[in-house]
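Examination of the molecular architecture
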Amino acid sequence: MSNARYSDGIEVVPSVVHIEDVPGTVEYRLYRQRFSGLLGFIILGIVTGMQWSWFGPIATDTADEFGISLGQVNWLGNITFCIFVPASLLVPVSEMGGVALLVSAWVRYAGTIRSLSPQSAYVLLFFGQLFSAISQPVFQVLAPMFSERWFDLRGRTTATMVIAIANPVGSALGQLLSPLVGTPRQSILVLAIISTATLPAILLISDSPPSPPTYSGSKQPLSLTSLCRAMLGLSGSKEAFMSRRERADFIIMMLAFGGLGGAVSALSVLSAQWFGPAGYSDTTCGLLGATLFLSGITAAVISAPLFDRVFTHTMGATLKILVPVVSLAWLSLIWASKPNNVAALFVLMVIIGSCSVTMLPLALELGVELTRNANGSSTILWFVFLTTPDSANLFGIMLILVEDALRAPSTANPPYNMHDALIFHGCVVMVCGSAIFFQRAKQARREMDEVMIINTVSRSAPDAADLGPVGQSINKADATTFGGDPNHK
């Protein structure tokens, strides 16, 4: 059955028969405008992703040029994590994210004026990073909500993936470009120009379509407060209710992905400090970080459409395979971080990146499956983990601060090495990752959408009873599995 197309850019979902005079029939539609909004999210996600990882590979050079300590340079990344939750309250106001991005670019550049004292320059750099931290969650947290409102079951996970990995793309570009475009002062100017030039992309993003793509896309979004009440078992609306099993699964996700996401965040900020004492240059450290993210992006681009169209009910099983693999890879860094071992380090970055970034859209989508709250679940998950990550906020900042304290003294061999920090890093990841084996991961939202589509098709066109969830064929046995009556008229 081919898509019906209209001159105003509307596509009618092919599996839903639109008969206006059938009482109670819900019309699910797709709009071409969804792709322009997706492009806007991609551009802004890339630019905001560059901000917080920019100083990681050039941490030593930045400290030397501005006369500040490495700990102060690390806080240029840490501030992103600290400000995430307050900034997430601005998510409904996407324009605010654009304003904050523009302000951050030029406040940060003002800190490069050579007549300033080291502390005055650092204050401006810090506040520039603070404003960029405000802009970042605006375009991260909205990803699952945007995909739910604009995309059907054939493209929802893919849309979430594309928006989510825009941040790792930006993070990878930030780590790659910052050591290549000149001195730290020059690189800050380059970042300001990029941020300003891409700002008009915000005009491509619209709130919601006239008609929803699925049943869940037709519901009013729930608030972060309602999710917090549901997690505490407090009374609330019927739509916000979560069973004990769902609450337990969501907590497991927070723990498992908090550790894994925090690990990536720590790498982005501490890469030069981990590998520099072993003899690796800032450029090599930047390439290691870029390899992690770019290999992950490749894996995510390949895998996300498969989870939309083929492995539609296997999110939980997939996570139980990928989490142990990536946890062991992080643990292996304890022994791999040594001189003249760059090949092994690149292999580990590929493994970590491929698994971690593949899991990112799955985690975000599974969070919505468990909570039926796209805004609230993505805010909480971004707060505790980053796998674009660009906000392994809670776990990321803890790992960075503890590992900074575990740095060896100048008398060590080699001086200022981070071996103890890598041991701590690997142990935390292994402990947190082991929680995934206790998760059931039921995809409740998807099952609800499939039931509603089957019922809609059954009421609209009895002869189309074998048409199932958007674009997929479901036979009568499948309909029964989803709770629908295949013979219902």
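Below or above, wherever it landed, is the structure these notes cover.

The rules we used
- Residues numbered from 1 in each chain as written.
- Predicted model: local features only at pLDDT ≥ 70, side-chain atom pairs only at ≥ 80, totals over all residues.
- Heavy atoms only, no water.
- Helix = DSSP H or I, 4+ residues; strand = E, 2+ residues; numbered from the N terminus.
- Buried < 20%, exposed > 50% of the residue type's maximum accessible area, 1.4 Å probe, protein only.
- 1 Å grid on protein atoms, 1.4 Å probe; cavity = no way out; pocket = protein on both sides within 12 Å on 5 of 7 lines; lining within 4 Å.
- Points joined across faces, edges and corners; volume = space filled by probe spheres on them.
- Nonpolar A, V, L, I, M, F, W, Y, C, P; charged D, E, K, R; others polar.
- Phe/Tyr/Trp six-rings, centres within 6.5 Å; stacked < 30°, edge-to-face > 60°.
- Lys NZ or Arg CZ within 6 Å of the ring centre and 35° of its normal.
- Patch = residues over 30% accessible without salt bridge, like charges linked within 9 Å, V, L, I, M, F, W, Y side chains within 5 Å.
- Areas by Shrake-Rupley, 256 points an atom, 1.4 Å probe, with all protein chains shown as cover.
- Salt bridge = Lys/Arg side-chain N within 4 Å of Asp/Glu carboxyl O.
- Axes fitted to C-alpha atoms, helices over the stretch in contact; angles between N-to-C directions.
- Parallel < 35°, antiparallel > 145°, perpendicular 65-115°, else oblique.
- Left-handed = near helix turned anticlockwise from the far one by under 90°.
- Expected span 1.5 Å × (residues − 1).
- Bend = angle between axes of the 7 residues up to and from the residue.
- Arc of directions from axis to C-beta.
- Contact = heavy atoms within 4.5 Å.

Now for the overall build of the chain. Assigned secondary structure in the chain consists of 18 helices and three strands. Across the 489 residues in the chain, those meeting the buried criterion constitute 59%.

Throughout the structure, instances matching the rule amount to two cavities of 30 Å³ or more. One number sums up the size of the largest cavity: a volume of about 50 Å³. Every residue along the wall of the largest cavity is listed here: Trp52, Ser53, Phe55, Gly56, Ala59, Val73, Asn74, Gly77, Ser268 and Val269. Of all elements in the fold, only helix H1 (33-53), helix H3 (70-82) and helix H10 (244-275) reach the threshold of two or more residues within the lining of the largest cavity. Here the element with the most residues in the lining of the largest cavity is H3; it accounts for three residues.

With that out of the way, let us pick up the layout of surface pockets. By volume, the largest pocket amounts to about 680 Å³. Around the largest pocket, the lining is made up of 31 residues, and of these Ser216, Lys219, Glu239, Arg372 and Met448 lie nearest the centre. When contributions to the lining of the largest pocket are tallied by element, the ones reaching two or more residues are helix H6 (118-150), helix H14 (374-384) and helix H17 (444-460). Broken down by element, the lining of the largest pocket gets its largest block of residues, four residues, from H17. Here the lining of the largest pocket is built from residues that sort into ten nonpolar, nine polar and twelve charged.

Before going further, it helps to examine the packing of aromatic side chains. Per the counting criterion, the structure on display carries ten aromatic pairs. Among the aromatic side chains, those forming a connected cluster through ring pairs are Tyr31, Phe35, Phe41, Phe146, Trp150 and Phe151. The residue whose ring lies beneath Arg185 is Phe66, and the NZ or CZ to ring-centre distance is 4.5 Å.

Okay, a nonpolar patch on the surface next. A contiguous nonpolar surface patch, about 410 Å² in accessible area, is contributed by Leu102, Trp106, Tyr109, Leu189 and Ile193. Of all the secondary-structure elements, those providing two or more residues to the nonpolar patch are helix H5 (94-110) and helix H8 (184-197). For the nonpolar patch, the element with the most residues is H5, which contributes three residues. Overall, the relative accessible area of 34% leaves Leu102 in the partly exposed class.

Right, let's get into the pattern of salt bridges. By the definition in use, this model includes five salt bridges. Note that Arg245 is salt-bridged to Asp249, the shortest N-O span being 2.7 Å. Taken together, the residues span about one helical turn, with Arg245 and Asp249 both in helix H10 at a distance of four residues. You can call Arg245 partly exposed: its relative accessible area is 31%.

Quick look at the packing of helix H11 (residues 282-309) against helix H13 (residues 342-371) now. As a packed pair, H11 and H13 sit with axes 6 Å apart at the nearest point and diverge in direction by 40 degrees. Taken as axis vectors, H11 and H13 run oblique relative to one another. The way H11 lies across H13 gives a crossing that is right-handed.

To continue, consider H6. Given 3.6 residues per helical turn, the α-helix brings residues three or four places apart onto the same face. Taking 1.5 Å per residue as the helical rise, H6 with its 33 residues ought to reach 48 Å, and the 48 Å between its terminal C-alpha atoms agrees with that figure. Where H6 bends most, at Ala143, the angle is about 45 degrees, and the proline Pro144 comes one to four residues later. Taken across its 33 residues, H6 has 25 buried, putting it largely inside the fold.

Right, let's get into unusual backbone geometry. Going from Asn413 to Pro414, the amide bond is cis rather than trans, its omega being 0 degrees. Among the secondary structure elements, Pro414 is positioned in the loop between helix H15 (393-405) and helix H16 (419-433). The phi angle at Asn340 is positive, at roughly 55 degrees, despite the residue not being glycine. Considering the arrangement of structural elements, one finds Asn340 in the loop between helix H12 (315-336) and H13. Look at Tyr416: it is not a glycine, yet its phi comes out positive at around 60 degrees. You can see Tyr416 is positioned in the loop between H15 and H16.

What follows deals with H8. Taking 1.5 Å per residue as the helical rise, H8 with its 14 residues ought to reach 20 Å, and the 20 Å between its terminal C-alpha atoms agrees with that figure. Buried within H8 are the following residues: Pro184, Arg185, Ser187, Ile188, Leu191, Ala192 and Ser195. Along the axis of H8, the buried positions cluster into a sector of 160 degrees, meaning they face one direction only.

Checked against the element boundaries, Ser295 lands in helix H11. Using a relative accessible area of 14% as the deciding quantity, one classes Ser295 as buried. Leave out the neighbours within four places in its chain, and Ser295 touches Met349, Val350, Gly353 and Ser354.

Before going further, it helps to examine the packing of helix H9 (residues 224-231) against H10. Interhelical geometry of H9 versus H10 gives an angle of 110 degrees and a closest axis separation of 10 Å. The pairing of H9 with H10 is recorded here as roughly perpendicular in orientation. For the pair formed by H9 and H10, the contact residues are Leu227, Ala230 and Met231 on the first element and Arg247, Phe250 and Ile251 on the second.

Another point: the environment of Tyr215. Within the element layout of this structure, Tyr215 appears in the loop between H8 and H9. Placed 230 residues apart in sequence, Tyr215 and Arg445 show a C-alpha to C-alpha distance of 9.3 Å. Not counting the four nearest positions on each side in its chain, Tyr215 is found in contact with Tyr28, Met448, Asp449 and Met452.

This brings us to the environment of Met359. Mapped onto the fold, Met359 is located in helix H13. Here Met359 falls in the buried class, since its relative accessible area comes to 2%. Separated by 41 residues in the primary sequence, Met359 and Thr318 place their C-alpha atoms 8.5 Å from one another. The contacts of Met359, once residues within four sequence positions are left out, are Phe257, Leu260, Leu319, Leu322, Val323 and Val326.

Honestly, it's all geometry; don't read function into it.
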